[in-house]
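The chain contents come next:
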Amino acid sequence: MRRPGHRQPLKQQLGGVKAMFTRLSIAVIVLVICMLMLITTISSSNSSGPSAEIDAETLWGTADSKGWRPSSAPRSDWPPPPSEGNGYLRVRCNGGLNQQRSAICNAVLAARIMNATLVLPELDANSFWHDDSGFQGIYDVEHFIKTLKYDVRIVESIPEIRKNGKVKKIKAKQIRPPRDAPISWYTTEALKTMKEHGAIYLTPFSHRLAEEIDNPEYQRLRCRVNYHALQFKPHIMELSNSIVNKLRTQGHFMTIHLRFEMDMLAFAGCFDIFSPEEQKILKKYRQENFAEKRLVYDERRAIGKCPLTPEEVGLILRAMGFDNSTRIYLAAGELFGGERFMKPFRSMFPRLENHSTVDTTGELGKNTRGLLGSAVDYMVCLLSDIFMPTYDGPSNFANNLLGHRLYYGFRTTIRPDRKALAPIFIDREKGHTAGFEEAVRRAMLKTNFGGPHKRISPESFYTNSWPECFCQKSAVNPADKCPRDDIQDILESQLENEGISDFDASRSNLTSAVDK
């Protein structure tokens, strides 16, 4: 018979195994936690180390092209405009200089699509700029027509016609085109009206042709207009170059489009940082110029919808490694709020210039708000080593410049991500200053500094024409291959075969040159 205590040693043995297993499990869990903490520490260390550093010195050069180069010449069959077209196209380009610039590109493309003769675009300068310079006062007309002779016929005005022995003027039928109209609207409704009346007048003509078009040759035509045909008049180019040369005498310089102006602040609905009297002015401006909308400053600020203040711009640049010796040209209108907003920025970067301080001719002093001032600012920003827009939302000036600098050889741009930076600045205002510059650098390292990159909505084609207007000599994709070296000769030969007179032979009469 078994003794009652016979099973006790087995229980103890099982209990010991269970205790040992428990201790082992705890040890494994502790080990896993330690490993996770170590990985996190290493990751944190790496992210706060070299990867969060920006070499400001390298930004003075151009961005990495990755083998791409600008090219807007046709790469497939591109016949010249036939001698007989479907009629005349007139357009009135509204808005500021750069909104008008985009509209001119669209007008040329619309004329090509409809096989129409384009009448030199009208610039609605009076309503915005109080400046009646017009196309002829800002752009080199002869260069414009000559550059686009392989693409469209262009005249300065609709010529008179002789019918039944009488001289008669063609009256253009006025149409208001839909916003971002598709190509089909131009090939149907607009073309039908043109054939009926002989000419159409599209007004207003801002954003009246869809930007995203599934035809690379049409997009390249836009680039030929924007970056080759639209050249400012010689005196504007000379004045711009003299300013750039003066700025370069002391080394590199950057340009900043400081969009801290009444219209943009009113549009954004960012009022709370201003005095009650200033808020009243902004709200009145908004009520008179923009659609009614519920706008809460804290909400707008938190999602990066407010223009950066001058102080915030200075803090970004300082965090990126630029010091107080940096020379900066400010392209801006009248800053809202006055000197109290500029003072912190000026204390960080005292070497500030604008077109008034560097223009020795005094010409700009008489025309600071006109098309001339905007044109000079545009050229100085285009030619600068670094360009920084502080609010590139609906700003056509910044958007066009970003696209032009990309095409001009991947020139460095600093584009602050306001949405990513907003919580960093808000934390700083609450007194959390530790790690501020590190956080700013992290946010900025995620942005593009001017190299080729995919266009993602809502980025505009005029901001980024890659890849349509760029090519590679050794391209994997045949669509990206650079055009033939003799493309100019081919286009010229096609033009001669079409029976159109050479432009240079009749430059004294632009209208007859196109209509022969």
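Residues numbered from 1 in each chain as written. Predicted model: local features only at pLDDT ≥ 70, side-chain atom pairs only at ≥ 80, totals over all residues. Heavy atoms only, no water.

- Under an unreviewed UniProt entry, the name given to the chain is O-fucosyltransferase family protein, and the source organism is Nicotiana attenuata.
- Database annotation for the chain, UniProt heading Pathway (unreviewed entry): "Glycan metabolism."
- UniProt, in its Sequence similarities (unreviewed entry) section for the chain, records the words "Belongs to the glycosyltransferase GT106 family." (UniProt positions renumbered as here; feature names shortened; annotations may be inferred.)

### Some thoughts on the overall build of the chain
Alright, step 1. Helices and strands together make up the secondary structure of the chain, namely 21 helices and 15 strands.
Alright, step 2. The buried share of the chain, taken over its 516 residues, is 49%.
Alright, step 3. By sequence separation, contacts in the chain at least 24 residues apart represent 79% of the contacts at least 6 residues apart.
Alright, step 4. When the accessible surface of the chain is totalled, it reaches about 26,200 Å², and 53% of it is carbon and sulfur. (Helix = DSSP H or I, 4+ residues; strand = E, 2+ residues; numbered from the N terminus. Buried < 20%, exposed > 50% of the residue type's maximum accessible area, 1.4 Å probe, protein only. Contact = heavy atoms within 4.5 Å. Areas by Shrake-Rupley, 256 points an atom, 1.4 Å probe, with all protein chains shown as cover.)

### As for the nonpolar core
In summary, soluble globular proteins display a tendency toward joint burial of nonpolar side chains.
Alright, step 1. Counting 74 residues, the largest nonpolar core has L89, F144 and Y186 as the members making the most contacts within it.
Alright, step 2. In terms of residue count, helix α3 (residues 97-114) provides more of this core than any other element does, 11 residues in total.
Alright, step 3. Each of domain 1 (88-228) and domain 2 (234-260 + 307-472) gives at least three residues to this core.
Alright, step 4. I54, F336, L352 and V440 belong to the second largest nonpolar core, which has 42 residues in total. (Core = buried A, V, L, I, M, F, W, Y, C linked by side-chain atoms within 4.5 Å. Domains from an automatic or database assignment.)

### Some words on the side chain of D385
Alright, step 1. By secondary structure assignment, the location of D385 is in the loop between α16 (371-383) and β13 (386-389).
Alright, step 2. Engagement of the side chain of D385 in a polar contact is seen with the backbone nitrogen of F253, the distance being 3.0 Å.
Alright, step 3. Discounting chain neighbours no more than four positions away, the residues touching D385 are L59, W60, R248, H252, F253, R405 and T412. (Polar contact = N/O pair within 3.5 Å; in protein donor to acceptor, adjacent residues only side chain to side chain.)

### Describing the state of the cysteines
Alright, step 1. Evaluated as defined, the whole model comprises 3 disulfides.
Alright, step 2. Through a disulfide, C223 is tied to C469; the S-S separation comes to 2.1 Å. Between C223 and C469 the sulfur-sulfur dihedral comes to about 95°; the bridge is accordingly right-handed. With C223 in helix α8 (residues 216-229) and C469 in the loop between α19 (436-445) and β15 (470-471), the pair connects residues that are 246 residues apart, well separated along the chain. For the pair formed by C223 and C469, the shared burial category is buried.
Alright, step 3. C270 shares a disulfide with C306; S-S distance 2.0 Å. Where C270 bonds to C306 through sulfur, the torsion about that S-S bond is close to -95°, and the disulfide is left-handed. Here C306 lies in the loop between α12 (297-302) and α13 (310-319) and C270 lies in the loop between α10 (262-268) and α11 (276-289), a separation of 36 residues in the sequence.
Alright, step 4. Accessibility expressed as a relative area gives 10% for C306, which makes it buried. (Disulfide = S-S within 2.5 Å.)

### Things to note about the packing of α8 against helix α17 (residues 396-407)
Alright, step 1. Interhelical geometry of α8 versus α17 gives an angle of 85° and a closest axis separation of 11 Å. Looking at the two axes, α8 sits roughly perpendicular to α17. On α17, the residues that touch N226, Y227 and H228 of α8 are G403, H404 and Y407.
Alright, step 2. Among the residues forming the contact of α8 with α17, the class breakdown is 2 nonpolar, 4 polar and no charged. (Axes fitted to C-alpha atoms, helices over the stretch in contact; angles between N-to-C directions. Parallel < 35°, antiparallel > 145°, perpendicular 65-115°, else oblique. Nonpolar A, V, L, I, M, F, W, Y, C, P; charged D, E, K, R; others polar.)

### Points about the environment of C482
Alright, step 1. Mapped onto the elements, C482 comes out in the loop between β15 and α20 (487-497).
Alright, step 2. The exposure class assigned to C482 is buried, which follows from its relative accessible area of 11%.
Alright, step 3. Taking the C-alpha atoms as reference points, C482 and P74, 408 residues apart in sequence, are found 9.6 Å from one another.
Alright, step 4. What C482 contacts, discounting residues up to four positions off in sequence, is R69, C471, Q472 and K473.

### Concerning the sheet that holds strand β11 (residues 328-331)
Alright, step 1. Strand order in this open sheet of 5 strands is β12-β11-β10-β13-β14, and the pairing throughout is parallel. The open sheet has two edge strands, β12 (352-353) and β14 (412-413), and neither has a second partner.
Alright, step 2. In this sheet, β14 lies alongside β13 in parallel orientation, the contact comprising 2 bridges. From the neighbouring strand, F387 faces β14, where its bridge partner is T413.
Alright, step 3. Along the sheet, α17 makes contact with β10 (254-257), β11, β13 and β14, crossing β13 at roughly 150°. (Pairing = 2+ DSSP bridges.)

### Focus: the packing of α13 against helix α18 (residues 418-429)
Alright, step 1. At their nearest, the axes of α13 and α18 sit 12 Å apart, and the two run at 105° to each other. Our classification of the angle between α13 and α18 gives roughly perpendicular. Counting all contacts with α13, which are made through E311, E312, L315 and I316, the residues of α18 involved are L421, F425, R428 and E429.
Alright, step 2. Residues of the contact of α13 with α18, tallied by class, amount to 4 nonpolar, no polar and 4 charged.

### Overview of α20
Alright, step 1. Residues of α20 that are buried: I487, L491 and L495. The buried residues of α20 occupy an angular sector of 75° when projected down its axis, which confines them to one face. For α20, the exposed residues set more than 90 degrees away from the buried face come down to D489, E496 and N497. (Arc of directions from axis to C-beta.)

### Some details on helix α9 (residues 234-248)
Alright, step 1. Taking 1.5 Å of rise per residue, 15 residues should cover 21 Å, and α9 covers 21 Å from first to last C-alpha, within 8% of that figure.
Alright, step 2. Among the residues making up α9, those that are buried are I236, L239, S240, I243, V244 and L247. Down the axis of α9, the smallest arc covering the buried residues is 135°, so these residues share one side. (Expected span 1.5 Å × (residues − 1).)

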